[in-house]
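Chain by chain, the residues:
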Amino acid sequence: GAGVSQSPSNKVTEKGKDVELRCDPISGHTALYWYRQRLGQGLEFLIYFQGNSAPDKSGLPSDRFSAERTGESVSTLTIQRTQQEDSAVYLCASRISAGGHFSFVSTQYFGPGTRLTVL
Amino acid sequence: LAKTTQPISMDSYEGQEVNITCSHNNIATNDYITWYQQFPSQGPRFIIQGYKTKVTNEVASLFIPADRKSSTLSLPRVSLSDTAVYYCLVGGLRASGTYKYIFGTGTRLKVLA
């Protein structure tokens, strides 16, 4: 597709369950980013990938969160033993590469997000 | 990493110029300042990026003072379709070789007819 896609668009789960959120970046984009946006709040940077590597995982909220990327393409954000405070929209973005200035062309292109609700 | 704060909301009328300020007192030397626009149920969209002084593109201007502890997004002649949430993003390359970014709290702009 032409843009970043994410699945599922909505996910309702019970506290304690594991969830997997998927991001399909724009083809050819080597950088991929995950953000979290809680209701009524700004975006929280979680992690980024350059290729299949995540140089810095310190933005992940807890050890229940993990992310991986394969084939310099699809990325999966996994949340284990979900808690109610994990409820948020999880946004993925991709970019041609992680470095360089941002511009209309070389910017982070965001997907529509996955709305996660933990009951 | 810079903590960024913005006014929660602003109202304006069509045709007016709107200025939205972001405070980032602890901005690092390598950090750039980027502004995004977000409509409901959509991901943020790039507006403009700058490092210092003034940057202008076809949709906005960005003013950054010499101390870089704040930045102001200027939207000329807003229209109803500019009603959205505007975020500043501060970040860049760290000495560790990794990138760090932090979004501001967002400013909800409402343009009135």
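For the structure, see preceding data.
Please read all numbers here as calculations on a predicted model, not as lab measurements. (Residues numbered from 1 in each chain as written. Chains lettered and ligands numbered in written order. Predicted model: local features only at pLDDT ≥ 70, side-chain atom pairs only at ≥ 80, totals over all residues. Heavy atoms only, no water.)

## A few points about the overall build of chain B
Within chain B one finds 0 helices and 10 strands. From first element to last, N terminus to C terminus, chain B shows the α and β order β-β-β-β-β-β-β-β-β-β. Radius of gyration (C-alpha) of chain B: 14 Å, near the 13 Å computed for a compact globule of 113 residues. With respect to the principal axes defined by its C-alpha atoms, chain B has extents near 50 × 30 × 25 Å. The 113 residues of chain B split such that 50% are buried. (Helix = DSSP H or I, 4+ residues; strand = E, 2+ residues; numbered from the N terminus. Rg over C-alpha atoms; globule rule 2.2 N^0.38 Å. Buried < 20%, exposed > 50% of the residue type's maximum accessible area, 1.4 Å probe, protein only.)

## Points about the sheet that holds strand β7 (residues 75–79) of chain A
Whether parallel or antiparallel, the strands of a sheet pair through hydrogen bonds between backbone atoms. All names here are of chain A. The 4 strands lie next to each other as β1-β3-β7-β6, forming an open sheet whose pairing is antiparallel. Looking along the sheet, the strands with just one partner apiece sit at the ends: β1 (5–7) and β6 (65–69). Averaged over all pairs of adjacent strands, the angle between strand axes in this sheet comes to 15 degrees, irrespective of strand direction. Across 3 bridges, the pairing between β1 and strand β3 (residues 19–24) is antiparallel. (Pairing = 2+ DSSP bridges. Axes fitted to C-alpha atoms, helices over the stretch in contact; angles between N-to-C directions.)

## Quick notes on the pattern of salt bridges
This model, assessed by the stated rule, comprises 5 salt bridges over all chains. Here Glu44 of chain A and Arg36 of chain A are joined by a salt bridge, their closest N and O atoms 3.0 Å apart. Classification of Glu44 of chain A by relative accessible area gives partly exposed; the value is 29%. Across the salt bridge formed by Asp31 of chain B and Arg94 of chain B, the nearest N and O atoms sit 2.9 Å from each other. A residue pair is termed long-range when its members are at least 10 positions apart, and Asp31 of chain B in the loop between β2 (18–23) and β3 (32–38) and Arg94 of chain B in the loop between β8 (84–93) and β9 (99–103) qualify at 63 residues. (Salt bridge = Lys/Arg side-chain N within 4 Å of Asp/Glu carboxyl O.)

## Here we look at the interface of chain B and chain A
Taken together, the 23 residues of chain B in the interface contact 26 residues of chain A. A combined buried area of about 1,900 Å² lies between chain B and chain A, and 59% of that area is made up of carbon and sulfur atoms. Linking chain B to chain A there are 1 salt bridge. Here Asp56 of chain A and Lys100 of chain B are joined by a salt bridge, their closest N and O atoms 2.9 Å apart. Applying the counting rule to chain B against chain A returns 5 residue pairs in polar contact (both at pLDDT 80 or more). Taken together, the elements giving at least two residues each to the side of chain B that touches chain A come down to β3, β4 (45–50), β8 and β9 of chain B. Grouping the amino acids of the side of chain B that touches chain A by side-chain chemistry returns 11 nonpolar, 10 polar and 2 charged. (Contact = heavy atoms within 4.5 Å. Buried area = accessible area lost by both parts, 1.4 Å probe. Polar contact = N/O pair within 3.5 Å; in protein donor to acceptor, adjacent residues only side chain to side chain. Nonpolar A, V, L, I, M, F, W, Y, C, P; charged D, E, K, R; others polar.)

## Details of the packing of aromatic side chains
Summed over the entire model, instances satisfying the criterion amount to 14 aromatic pairs over all chains. Here the aromatic rings of Tyr48 of chain A and Tyr99 of chain B are separated by 5.9 Å at their centres, their planes lie at 80 degrees, and the arrangement is edge-to-face. Of this pair, Tyr48 of chain A sits in strand β5 (residues 43–50) while Tyr99 of chain B is found in strand β9, placing the two residues in two different chains. Here Phe110 of chain A and Tyr36 of chain B contribute two aromatic rings whose centre-to-centre distance is 5.8 Å and whose plane-to-plane angle is 85 degrees, an arrangement assigned as edge-to-face. (Phe/Tyr/Trp six-rings, centres within 6.5 Å; stacked < 30°, edge-to-face > 60°.)

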